[in-house]
Amino acid sequence: MNLNILTVPGDGIGVEVTTEAVRVLEHVCKKFNHNLRLSEALLGGVAIHKTGGPYPEETSKMALEADATLMGAVGLPEFDNWPPEKRPERGLLGIRKTLGVYANLRPVKSYPSLLDSSPLKNHLVDGVDMIIVRELTGGIYYGTPRGITGEGGEERGTNTMTYTRDEIARVTRMAFNLARNRRKKLTSVDKSNVLETSQLWRRVVCEVAPEFPDVELEHILVDNCAMQLILRPKQFDVVVMENMFGDILSDEGAVIAGSIGMLPSASIGGKKPSGAWVGLYEPVHGSAPDIAGQNKANPLGAIGSVAAMFEYSFGLMDEAKAVYKAMETVLNSGNTTADLKPKGTPATTVQVGEAVCAAI
Ligand code: NAD
């Protein structure tokens with residue numbers, strides 16, 4: 001198969017983990033005889049430095065031309081006090097919008113060898129296997145009006161949470177379809193006791209449900225969901241929610257998986273002008289300025305994102321399984337980075353990437 005992949009390493013550890021993800025991608029393509037064409041684009045802080053803005057036109061063009069995009073992370077402390085529209089993170093929102101990837105899939109899985117890395121009791125975590133589906137191109141991160149106006153005591157910050165029926169229905173169908181191929185349970189998260197957007201959300205989810213009679217549907221308020229994810233995480237199979245709720249709740253997955261460095265993500269649903277599907281794959285974590293440039297970052301979230309790319313963009317299940325299995329072998333060997341290994345000598349980012357390739 002011809003795979004035309006764009007890499008967007010971004011900032012901080014984004015660069016380090018993407019290097020290892022690409023190492024694995026190249027290794028799998030060689031092993032399974034795929035023809036890999038790689039290109040690289042700028043996004044985030046590095047793009048501000050080199051082009052003056054976080055999301056260069058060239059990056060948008062290259063992302064639309066690629067079959068799939070593999071991203072690292074963006075964000076540099078030097079831009080922390082910049083206005084939101086100029087910050088590196090705006091590049092992230094830009095590329096998601098360009099590609100129209102409205103569903104962000106965040107698998108959260110417990111690995112037997114990592115049970116002790118979670119601060120939760122083993123029996124709570126053992127066997128957790130869920131996918132959080134976060135709506136990605138709507139809601140409060142994109143809604144207008146937005147901004148800061150006025151002065152003194154009247155200075156006012158405004159953001160707008162808004163959803164259309166179509167935006168809710170398409171991500172709901174995506175989540176139902178995923179559930180249909182798993183344990184057939186979908187949990188929809190909202191705040192319908194307070195927010196009108198959530199009332200519409202719940203109504204549309206209920207309207208879509210009869211299309212999937214084989215899937216059990218339940219609704220849960222976001223505050224209760226935050227608690228249940230820690231109290232009884234095993235009850236969840238596929239969990240669907242709007243953009244900001246998903247951003248916040250999916251970090252709880254890090255507590256279950258043992259480290260945020262473990263979590264991959266796949267953003268799908270978008271189509272190119274040609275009608276072909278596109279996907280955007282990235283670890284859930286950020287640029288981690290505290291450990292950047294030290295060869296300490298856990299690259300398994302990025303490497304898991306490569307597996308997700310094989311699975312969702314190309315339907316190459318054997319290749320995806322080979323990566324997941326190699327990740328498990330490396331975890332079982334104890335050859336892991338410091339976030340998963342409080343005692344003993346940790347492996348470096350590069351060593352983990354090399355070990356995954358060796359295990360494939
Ligand atoms: P972060 O995810 O970068 O880091 C949180 C903590 O987790 C840090 O202690 C970090 O060292 C650790 N960590 C993260 N990834 C790790 C890995 N792979 N291996 C080992 N440890 C890891 O979140 P933050 O500190 O809140 O944000 C830092 C910057 O990243 C900010 O500028 C933020 O806006 C940006 N950010 C970007 C994305 C993205 O690009 N998708 C996501 C979240 C945050």
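Residues numbered from 1 in each chain as written. Predicted model: local features only at pLDDT ≥ 70, side-chain atom pairs only at ≥ 80, totals over all residues. Heavy atoms only, no water.

Next up on the list: the packing of aromatic side chains. In this description, an aromatic ring pair is defined by two values, namely the gap between the centres and the angle between the planes. Counting across every chain of the model gives three aromatic pairs. Ring geometry for Phe176 against Phe212: centres 4.7 Å apart, planes inclined by 5 degrees, an arrangement best described as stacked. Here Phe176 is found in helix H6 (residues 165–180), whereas its partner Phe212 is found in the loop between helix H7 (196–208) and strand E9 (216–221), with 36 residues between them in sequence. The exposure classification of Phe176 matches that of Phe212, with both residues buried. The ring centre of Tyr142 lies 4.6 Å from the NZ or CZ of Lys97, which sits over that ring. The positively charged end of Lys109 is found above the aromatic ring belonging to Tyr111, 5.5 Å away from the centroid. (Phe/Tyr/Trp six-rings, centres within 6.5 Å; stacked < 30°, edge-to-face > 60°. Helix = DSSP H or I, 4+ residues; strand = E, 2+ residues; numbered from the N terminus. Buried < 20%, exposed > 50% of the residue type's maximum accessible area, 1.4 Å probe, protein only. Lys NZ or Arg CZ within 6 Å of the ring centre and 35° of its normal.)

Right, let's get into the pairing of strand E2 (residues 35–40). Pairing of strand E1 (residues 2–10) with E2, which is carried by six bridges, proceeds in the parallel orientation. Along E2, the bridge assignment pairs Asn4 with Arg37. The handedness of the E1 to E2 crossover, carried by helix H1 (residues 13–31), is right-handed. (Pairing = 2+ DSSP bridges. Right-handed = clockwise from strand over helix to strand, strands pointing away.)

Moving on: the packing of helix H12 (residues 317–333) against helix H13 (residues 349–359). Two quantities define a packed helix pair, namely the angle between the helix axes and the distance between the axes. Running from N to C, H12 and H13 cross one another at 120 degrees; their axes reach a closest spacing of 8 Å. Overall, the two elements H12 and H13 adopt an arrangement that is oblique. When you trace H12 past H13, the crossing you get is right-handed. Residues Ala326, Thr329 and Val330 of H12 form the contact with H13, whose own contacting residues are Val352, Ala355, Val356 and Ala359. (Axes fitted to C-alpha atoms, helices over the stretch in contact; angles between N-to-C directions. Parallel < 35°, antiparallel > 145°, perpendicular 65-115°, else oblique. Left-handed = near helix turned anticlockwise from the far one by under 90°. Contact = heavy atoms within 4.5 Å.)

In this section: unusual backbone geometry. Geometrically, the link from Thr144 to Pro145 is a cis peptide bond, its omega value of 0 degrees lying close to zero. Its location among the elements puts Pro145 in the loop between strand E5 (129–135) and strand E6 (147–149). A positive phi is found at Ala288, a non-glycine position, where the angle reads about 40 degrees. Along the chain, Ala288 turns up in the loop between strand E12 (277–283) and helix H11 (300–314).

Before going further, it helps to examine the domain arrangement of the protein. Taken domain by domain, the protein comprises domain 1 (1–110 + 259–360) and domain 2 (119–257). The interface is formed by 24 residues belonging to domain 1 together with 28 residues belonging to domain 2. Summed over both partners, the interface of domain 1 with domain 2 buries about 2,200 Å², with 61% contributed by carbon and sulfur atoms. Of all residues in domain 1, the largest losses of buried area upon contact with domain 2 belong to Tyr102, Arg106 and Val108, amounting jointly to 33% of the total for that side. The interface formed by domain 1 and domain 2 holds zero salt bridges in total. Counting every contact that joins domain 1 to domain 2 gives 11 residue pairs in polar contact (both at pLDDT 80 or more). Broken down by secondary-structure element, the contributors of at least two residues to the side of domain 1 that touches domain 2 are helix H4 (89–99), strand E4 (103–109) and strand E11 (264–271). Of the residues contributing to the side of domain 1 that touches domain 2, the split by class is 13 nonpolar, six polar and five charged. (Domains from an automatic or database assignment. Buried area = accessible area lost by both parts, 1.4 Å probe. Salt bridge = Lys/Arg side-chain N within 4 Å of Asp/Glu carboxyl O. Polar contact = N/O pair within 3.5 Å; in protein donor to acceptor, adjacent residues only side chain to side chain. Nonpolar A, V, L, I, M, F, W, Y, C, P; charged D, E, K, R; others polar.)

What follows concerns the pattern of salt bridges. When the charged atoms of two side chains with opposite charge come close together, those side chains can pair. One pass over the structure, following the stated rule, counts 14 salt bridges. Here Arg96 makes a salt bridge to Glu282, at a shortest N to O gap of 3.3 Å. Of this pair, Arg96 sits in helix H4 while Glu282 sits in strand E12, and the two are 186 residues apart along the sequence. Each of the two residues, Arg96 as well as Glu282, counts as buried. With its nearest N and O atoms 3.0 Å apart, the salt bridge here joins Lys191 to Asp223. With Lys191 in the loop between strand E8 (185–190) and H7 and Asp223 in helix H8 (residues 222–231), the pair connects residues that are 32 residues apart, well separated along the chain. Among the residues examined, Asp223 registers a relative accessible area of 44% and is labelled partly exposed.

For the rest of this paragraph, the subject is the site of the ligand. Of all residues adjacent to the ligand, which total 20 residues, the nearest are Val74, Glu89, Gly286, Ala288 and Asn298. In this structure, an oxygen atom belonging to the ligand sits 2.4 Å away from a side-chain N or O atom of Glu89. In the model, an oxygen atom of the ligand is placed 2.8 Å from a nitrogen or oxygen of the Ala288 main chain. When isolated, the ligand has an accessible area of 810 Å², and the protein chains bury 68% of it. Tallied by class, the residues present in the shell around the ligand amount to 10 nonpolar, six polar and four charged. (Near = heavy atom within 4 Å. Areas by Shrake-Rupley, 256 points an atom, 1.4 Å probe, with all protein chains shown as cover.)

The next point concerns the pairing of E9. The pairing of E8 with E9 spans six bridges and is parallel. Opposite Asp190, over in E9, you have Leu221 as the bridge partner. Regarding topology, H7 serves as the crossover connection from E8 to the parallel E9, and that connection is right-handed.

Pairing in this open sheet of 10 strands is mixed, and the strands run E2-E1-E3-E12-E11-E4-E5-E10-E8-E9 from one edge to the other. Each edge of the open sheet carries a strand with a single partner, namely E2 and E9. For this sheet, the mean inter-axis angle between neighbouring strands, taken without regard to orientation, is 20 degrees. In this sheet, E11 lies alongside E4 in antiparallel orientation, the contact comprising three bridges. Paired with Leu105 across the strands is Ala266, a residue of E11. Against the sheet, H4 contacts strand E3 (68–73), E5, E11 and E12, and its axis sits at roughly 155 degrees relative to E12.

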